[in-house]
Amino acid sequence: MPPKLADESWHLDKKVPVAIIVVLVGQFLLGLWFIAKLDSKVEEQAARLAKTEAQVSVIDREAREFGNRIVRIEEKTSSMLTILQRLERVLDGRRTETP
């Protein structure tokens, strides 16, 4: 293969149809439009993700608080059951004493 000469630089031949040039420019512009649209969708999804993460953290915090409340309710219920059992024993003892 012979080396290229300086006067053989790249150039556009007049035989290239205008339609091909228009199609290439159109494809380039559509590609830019597609990328811009894709970028806006990515930004929208990022915003939605941030909002969802905030909601998840709120739900997580509320779930922990709810768990703590359940534990306190169970403790109170247990103490109430103990009191009721003592009262039942006292009442059973009174029933057996008075025939």
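Calculation criteria
- Residues numbered from 1 in each chain as written.
- Predicted model: local features only at pLDDT ≥ 70, side-chain atom pairs only at ≥ 80, totals over all residues.
- Heavy atoms only, no water.
- Helix = DSSP H or I, 4+ residues; strand = E, 2+ residues; numbered from the N terminus.
- Buried < 20%, exposed > 50% of the residue type's maximum accessible area, 1.4 Å probe, protein only.
- Areas by Shrake-Rupley, 256 points an atom, 1.4 Å probe, with all protein chains shown as cover.
- Patch = residues over 30% accessible without salt bridge, like charges linked within 9 Å, V, L, I, M, F, W, Y side chains within 5 Å.
- Salt bridge = Lys/Arg side-chain N within 4 Å of Asp/Glu carboxyl O.

Sorry if this is basic, but what is going on with the overall build of the chain here?
Looking only at helices and strands, one finds one helix and zero strands in the chain. A total of 99 residues make up the chain; the buried ones form 0% of that total. Only carbon and sulfur atoms are counted for the fraction: they give 65% of the accessible area of the chain, which is about 9800 Å².

What's the story with a nonpolar patch on the surface in this structure? I'm lost.
Among the surface-exposed residues, Trp10, Leu12, Val16, Ile20, Ile21, Leu24, Val25, Phe28, Leu29 and Leu32 lie close enough to one another that they form a single nonpolar patch of about 1000 Å² accessible area. Along the chain, the position of isoleucine 20 falls in helix H1 (residues 18-97). Judged by relative accessible area, isoleucine 20 falls into the partly exposed class, the value being 43%.

Please explain the pattern of salt bridges as it appears in this structure.
Close approach of charged atoms lets side chains of opposite charge pair. If you walk through the whole model with that rule in mind, you get two salt bridges. Of the charged contacts in the structure, one is a salt bridge between arginine 64 and aspartate 60, with a shortest N-O distance of 2.9 Å. On the criterion of helical spacing, the pair formed by arginine 64 and aspartate 60 is a turn pair, its members being four residues apart in helix H1. One salt bridge connects glutamate 65 with arginine 61, and the closest N-O pair in it is separated by 4.0 Å. Separated by four residues within a single helix, glutamate 65 and arginine 61 lie in helix H1, roughly one turn from each other. In this structure glutamate 65 comes out as partly exposed when scored by relative accessible area, which is 36%.

Structural measurements only, silent on function.
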